[in-house]
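Structure at a glance
Listed below, chain by chain, are the residues.
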Amino acid sequence: MVLKGYPRISETFISNEIRLLEKMGFTIHIYSMRAPRENFAHDSIKEIKAGVTYLPSSMIWGLPALLWYNLRLFFRHPRRYMRCVRLMLPRFRLAPKKHTWVKHLLQGGYIVQKSVLDQGVDLGHLHGHFAHTPTTVTMCAACLAGVPFSFTAHAKDIYTQDPRRIQDKIDLAKFVVTCTKYNARHLAGIAPDNKPIHCVYHGINLDLFSMNGRPLEAAPPYHVLTVARFVEKKGTRYHPARPGQTPRQGTRPAVHLGGRRGKAVWSARCTPSLTSWDWPTSPSWWARSPTTRLFGCSPKRIASPWAAAKPRTATATASPTWWPEAMATGVPVAATDISGVPELVTHKETGLLCASEDPDALAEIIEQALTNNALRRTIIPAARERVHAVFNNKQLIQNLGEIYLSHGVPCGK
C-alpha cells in the first residue's frame, strides 16, 4: 500500500483497514511518501504487523538516494524503465507541477529497486490510498515492477484534479475502490467501459460506541457539538453559531467546537485577538461568539474516535464528518446534503438535512434536532439501527478483502 503519510492520526479508517485485512490473511507492506508529522499514534497502530518503507520526500535532500536507486534499476531493466518513462510522458505534460511528477517517478523506482529487488519485499499487487499523488507513485511503481495496481479514491482527491488525469489512472488500474456511492457514480461516468468501480464505506468500530443511557428527549440547556479541522473544506464558516449570528426563537445552545488547523493546535485558551492564523474559520474568530466554547482539542483528543467526554453532554451535532459516530451514540445529526451524507442520513428518518452553504437552513434543522422531542424519539433509534446495519467496519473490510481476492490479489489464507 502506498500512503501519503503513515501513521496519521486523522486517517484511522486506513489503519483500521490495514489491521483488519491482515486479520483476513493479507500480507501488507506500507510505502509512506513522508514521515509522520505527529509524535504519537493510536493504540490500534500497535496491532499492525506491516513493515513500513519511508520514501525520500524531498527532491533536494532525497535526490541522491532517488537517483542512485533509479539508475541501478534502469541499468538492470532498461527496456521496462524506458517503457514506463514513455507511458508517463503524456501525464507529465498535463501536470501543473512537473517537478512533482519527476519525483513520483523516482519514488516509484525507489520502491522497486530498494524495497523489492534489494530487500526482497514480495510485491504481488500495489494499492494506493487517495487518487492524487499516492496513486501516481503507485502507478509508476507498478509499471516499473510489472505488477497490477489499484487505488482507493476518497474525497477532494477525486474532484480537485484534472478529470483527464484521474480517468487515465482508472484506465490503467485493475480496479478502483471508493467510499461513497456518490463518488462511485462520478468515477463510473469518467471511467472506461466495464472498469470495476467498487463502493465500500469506511465504517466505524461499533464496539467503541454506545448510547450510555442517553435519553431520547432533550431539554435546556442545549449543547451542539461540532468536531472539525479549521480548514475551508470543513465548512465551519457556514455554522449558524458563528460570531454575530442572532439566536433563533430564543434558543441559545452552547456550541462546543473542537478542531485544529495544520500544525497549530487550538484549545479553549485561545483569545479573540487577531493573529496571523486568523481567518473566517479560525479559533480566534470563533472565540468572539458568546455562545461558542472551544474545548481542549489536542490532536490526540480530536483524533480519538468520539471518545472525549463531550458526546455525553451533546444534545445534537453539526459535525461535517463525525455523523456516523454521533448516530451510533444517540446524538441526532443535523447535516448538509453534500456528497455521500444522504446515503446514511435520511431527512427526518435518521437525521436532519439541509442544503450546503446555507447557515439559516442549518440553524433551522439544528433547532429541530434540539427542541422537537417527538422527532428525536423517531430519528435517534432509527439512526443507530441504520449505522449498525451499513457502517460496521468489520463487515465492510471483509467485503473489501473479498473484492481484492476477486481481482487476484494474493492472500496468505
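Everything in this summary refers to the structure shown in the same document. (Residues numbered from 1 in each chain as written. Predicted model: local features only at pLDDT ≥ 70, side-chain atom pairs only at ≥ 80, totals over all residues. Heavy atoms only, no water.)

For the structure on display, the rule yields seven aromatic pairs. Judged by centre distance (6.3 Å) and plane angle (55 degrees), the rings of Tyr159 and Tyr182 are tilted. Within this pair, whereas Tyr159 is found in helix H6 (residues 156–159), its partner Tyr182 is found in helix H8 (residues 181–190), the two being separated by 23 residues in sequence. What makes Tyr159 partly exposed here is its relative accessible area of 37%. The partly exposed category is assigned to Tyr182, whose relative accessible area is 36%. For the pair Phe175 and Tyr404, a centre-to-centre distance of 5.8 Å together with 65 degrees between the ring planes defines the contact as edge-to-face. (Phe/Tyr/Trp six-rings, centres within 6.5 Å; stacked < 30°, edge-to-face > 60°. Helix = DSSP H or I, 4+ residues; strand = E, 2+ residues; numbered from the N terminus. Buried < 20%, exposed > 50% of the residue type's maximum accessible area, 1.4 Å probe, protein only.)

It is worth spelling out the nonpolar core at this point. Counting 46 residues, the largest nonpolar core has Ile18, Leu21, Ile28, Val387 and Tyr404 as the members making the most contacts within it. Elements with a contribution of two residues or more to this core: helix H1 (12–24), strand E8 (223–227), helix H12 (323–328), helix H14 (373–390) and helix H15 (393–406). Grouped together as the second largest cluster of nonpolar side chains are 44 residues, Val2, Leu66, Tyr110 and Val116 included. (Core = buried A, V, L, I, M, F, W, Y, C linked by side-chain atoms within 4.5 Å.)

Our focus in this paragraph is the pairing of strand E4 (residues 126–129). Along any regular strand, the residues point their side chains to alternate faces of the sheet. Of the two faces of E4, the one lined by Leu126 and Gly128 and the one lined by His127 and His129 are each fully buried. Handedness of the crossover is the feature at issue here: the chain leaves E4, passes through helix H5 (residues 133–145), returns alongside strand E5 (residues 149–153), and the resulting connection is right-handed. (Right-handed = clockwise from strand over helix to strand, strands pointing away.)

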